[in-house]
Every structure is written in structure tokens, then in C-alpha cells.
Amino acid sequence: MSAFRNLQLPSKSFALGRSFFNRTSVLARRNMSTEQKFVQAPHKLLVIPGPIEVTDEVLFANAHPSMSHMSLDFAAVFGDCIRMTRDILYSKDAQPFLIAGSGTLGWDQVSANLVEPGENALVLHTGYFADSFADCLQTYGAKVDQIKAEVGGVVNEADVESALKAKKYKVVTVTHVDTSTAVLSNIKAIAEIVKKVSPETLVVSDAVCAVASEEIQMDAWGIDVVITASQKGLGTPPGLSIVVASQKAIKVFESRSTPVTSYYASWKKWLPIMKSYESNTASYFATPPVNLIYAYHASLTQITTGSVSLQQRFALHQAASRRIKDAAEEIGFRSVPVSEEVRANGMTALYFPEGFVASDIVPRLLKKDVVVAGGLHGAIKEKYFRIGHMGVSVIDPQRGDVDKVINALKETLAEAKASKA
Ligand SMILES: Cc1ncc(COP(=O)(O)O)c(C=O)c1O
């Protein structure tokens, strides 16, 4: 099947309050000349916790004709992306870095630019991704301590306070939503503890699975670095590493006494490039993912100027999450997160009911065109599965994605039960 069913009239259109391509004249011209609307081909519903479903507008923007990354037109689009990224995190002056790569590159950026070899890092562990971040920090010479939560839980705040009193840490890292457990950490509360006990320590949030599905008030909460990527709540195809650093973090970087320990991930290289693009002038260190920037621009425009406000977006994620979790628990699944307060809103992790395994459930969902993800956390890998519910799947009710997931879950479990009867 072709990936695109190009230039067909849409059966339904995504309602936006303002003109979709209202940011740059180049995009506006391109849209106006396209009288028929691009519609992506029918496909299985992708509800893994990233990559997620993307809108037709985003996919069409990715199909932008090739552009010079040094052109003024492209620089203006890149500059918009920097500004809109800041808006989504409610920040006035934090510095976004938009670099070709995936979320993992954010760990490298923090490890290579903010932590000098031999310095201490404290990693708050709520699952798989904290182990990887710790591994990355160690690769660059950091001395890493971890505070580990029980599976499905968050770390004890009193333990964080004691650890900070016992040792000087350059950074504390916290996974905002751990994608292996669907556990939501309270990054605001963690940041408050850090500010109280060790104000010079930088608070780094791995928010790869949280940005645009969970509220993040970067300035107000005192978060120093937010790490994310294009393919989850930001509703763009994979391939873009997005890191946002507070001015405090930038000062810490600028005053380091040893050289940055990476070439490609060096903010020495990237900071002037980002500043240049933000002033709508192109500048070169390494080629940016030009088409992906157009796609990211399209998605950011929908998120920041669409008919759904940012606050409404978060509320819609909460509502969809509640519906899916309630429906699943009603029929016998159990959430991996141990309590309501620590459940993420953009994804769900569910233990299989007693007597059932992944092969009873996941392939049956796939047959109903619903693509979910298997277990990832080593301790419980075979016992659970994961569903993503971020972005357009929860923002546009006309798509019926949430209903489709709930109905497929119900039918699947009934079939699985019948097959064992
Ligand atoms: C919380 C978290 N951190 C980091 C990553 C790594 O991101 P990527 O796979 O884009 O490199 C992921 C990926 O799913 C993630 O969920």
C-alpha cells in the first residue's frame, strides 16, 4: 500500500481556530496553491507510546520540496520552531536546541555539556529510561548515584532530600513520564526540594514522553533542562532531538573549567547556530533535518495556535487517559503505576489479567488494526503491555481513536477468554 493517498479530498478535516499555515509566507503560499487537501493512506492505528499518529498537515509539511538549510525562508521557519518550543514549556528565555537525532541525544547533551568528568549526578529511577540516562552520564565520566523507586512507584521525596544533603550533585535527573512504566513523577515537587536543599544543583527532566501531554512550567517550577524528542506528544515523525536549557544551565555550561566532552553534541557548536536561526539568519555547524523542521513547525503551529489551547490539550490528555484506564480496569486489567497520582496522562501500562500473556492480547489487538507496545521494564517485561494516547489521537474526537482502543481491548479480552474456555 502506498504511504500516501495524495491529494484526495478529506473525509473530515482537522478543525483549527486560525489558519494552519499562518506563520510564514512560504508555507502560506504553498498551502494556498494546494486546492485539494493531502490525506494520508488508511493504516493501522499506532498507539504505542511514541512514535504516535501525526496529522495530515504535519505529514504533508514533511513532504516540503527540498530547501537549502541556509536560505532565509528556512531560517524563518526554524526560528519559529525555537520560539514555539519555548512557548509549550511556558518559558520566557530558556534556550532550545533542535538537533537531528532522537531523544537519546538529549542525554548526551546534558552529560557532555553540563557535567564535567568526575562530578556527581543523582538519577531518580522510575524505570528503564533512568538506567540508560545513568549509563550515558557515566560514559562521559560522571559519578552517578541512583535512588530507585519500586516498580510502578516514584522515588521517595525524603530520600531525595537526604541524598542532596549528603553529597554535592551537579545535576539531579528525573524522568517525567517513564515510558517503561507509565509512571508520572512530580517534577515540580522535586525541583522545590532541590532549590531548598542544594540550589546550585541543576534539575534535569527527561520529558521525552511528557512534553505536550503533561503540563511543564519550566520557569515557574525552576526546571533547568527539559529533554524531549519529536515523535511523542509533539506529534511529529521521529528524528529530532529537542533540548531546552534554562539561562542558569547555559551559565553553568559557559563557566565549565574543562572542555566539552563531545563533538556533535557540543553546545559550543550549537548555541551560536540556534541564536542565529532565532534571529531568522541561517548558520551552519551540521545539516539540520530540513523537512522534519517543516513537519515540526506544522505540529507546533497546531499545538500553539489551534482551536485547542495548551491547557485544554492537557485536560484532553487527562480525560482520554482516565477513560482508557477505567475501561481497562473494569474488564480485568490492572495499571502498572501503583496509585492514581503517579499515572501518566499520555500513556497507560497494564498488567495482563491472571492467566493471560502477551500472545493472548497483543496479536489480537493488531488484528483489529490497533498497534500497542509490549513490556519494557526488565522486572515485569512479560507481564504487561503499553498503550500510547498522545497528540491528535486524543485532541481530535472525530477520529474516534480512544473509542477504537477501548472497544478493541474489550473485544480482545472476551476473545482471549473464550479461547481458553
Ligand atoms: C522517557 C524516555 N527517555 C528517553 C527516550 C529515548 O528517546 P529516543 O528513543 O527517541 O532516543 C525515550 C524513548 O522512548 C523515552 O521514552
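As the structure is a prediction and not an experimental result, all values here were calculated from the model.

Caption draft 1: Up close: the nonpolar core. Ranked by internal contacts, the top residues of the largest apolar core, which has 120 residues, are Val171, Val172, Ile190, Val225 and Val226. Discounting residues that sit within four places of it in the chain, Val225 has contacts with Val110, Leu202, Val204, Ser205, Val243, Ala245 and Ala249.

Caption draft 2: Summary view of the packing of helix H4 (residues 104-113) against helix H5 (residues 128-139). Closest axis-to-axis distance for the H4/H5 pair is 9 Å, and the angle between their directions is 40°. As judged from the angle between their axes, H4 and H5 are oblique. The handedness of the crossing between H4 and H5 comes out as right-handed. In this structure, H4 contributes Trp107, Asp108 and Ser111 to the contact, and H5 contributes Phe133, Cys136, Leu137 and Thr139. Tallied by class, residues from the contact of H4 with H5 come to 4 nonpolar, 2 polar and 1 charged.

Caption draft 3: Expanded view of the site of the ligand. Near the ligand, the surroundings consist of Gly50, Ser102, Gly103, Thr104, Phe129, Thr175, Thr179, Asp206, Val208, Cys209 and Ala229. Residue composition of the shell around the ligand, grouped by class: 4 nonpolar, 6 polar and 1 charged.

Caption draft 4: Region of interest: the pairing of strand E7 (residues 171-175). Where burial is concerned, most of E7 is hidden: 5 out of the 5 residues are buried. The two faces of E7 match: Val171, Thr173 and Thr175 on one face and Val172 and Val174 on the other face are all buried. Inspection of the sheet shows strand E5 (residues 120-125) paired to E7 by 4 bridges, in the parallel sense. Its bridge partner lying in E7, Ala121 is registered against Val171.

Caption draft 5: Quick peek at the pairing of strand E12 (residues 240-245). The element E12 is extensively covered by neighbouring structure, given that 6 of its 6 residues are classed as buried. Of the two faces of E12, both are covered, the one formed by Leu240, Ile242 and Val244 as well as the one formed by Ser241, Val243 and Ala245. Taken together, the 6 bridges between strand E4 (residues 95-100) and E12 define a ladder with antiparallel strand orientation. Considered in E12, the bridge of Pro96 is made with Val244.

Caption draft 6: Spatial organisation of helix H7 (residues 187-197). Residues of H7 that are buried include every one of Ile187, Ile190, Ala191 and Val194, and no others. Projected down its long axis, H7 carries its buried residues within an arc of 100°, all on one side.

Caption draft 7: Structural view of the packing of helix H13 (residues 358-367) against helix H15 (residues 401-420). It is the contact of H13 with H15, at a shortest axis distance of 9 Å, that shows an interaxial angle of 130°. Compared by their axis directions, H13 and H15 come out oblique. In terms of crossing hand, the pair formed by H13 and H15 is right-handed. Touching Asp360, Ile361, Arg364 and Leu365 of H13 are Ala408, Thr412, Glu415 and Ala416, all from H15. Its residues placed into classes, the contact of H13 with H15 shows 4 nonpolar, 1 polar and 3 charged.

Caption draft 8: Examining unusual backbone geometry more closely. Gly50 connects to Pro51 through a cis peptide bond whose omega is 0°. Phi at Tyr90 is positive, roughly 55°, even though this residue is not glycine. Residue classification places Tyr90 among the partly exposed residues on the basis of 15 C-beta atoms within 10 Å. At Ala182, a residue that is not glycine, the phi angle is positive and equals roughly 60°. Looking at the element boundaries, Ala182 is found in the loop between strand E8 (177-178) and strand E9 (183-184).

Quick notes on the rules
- Residues numbered from 1 in each chain as written.
- Predicted model: local features only at pLDDT ≥ 70, side-chain atom pairs only at ≥ 80, totals over all residues.
- Core = buried A, V, L, I, M, F, W, Y, C linked by C-beta atoms within 7 Å.
- Buried ≥ 20, exposed ≤ 12 C-beta atoms within 10 Å, placed from the backbone.
- Contact = placed C-beta atoms within 7 Å.
- Axes fitted to C-alpha atoms, helices over the stretch in contact; angles between N-to-C directions.
- Helix = DSSP H or I, 4+ residues; strand = E, 2+ residues; numbered from the N terminus.
- Parallel < 35°, antiparallel > 145°, perpendicular 65-115°, else oblique.
- Left-handed = near helix turned anticlockwise from the far one by under 90°.
- Nonpolar A, V, L, I, M, F, W, Y, C, P; charged D, E, K, R; others polar.
- Near = placed C-beta within 6 Å.
- Pairing = 2+ DSSP bridges.
- Arc of directions from axis to C-beta.

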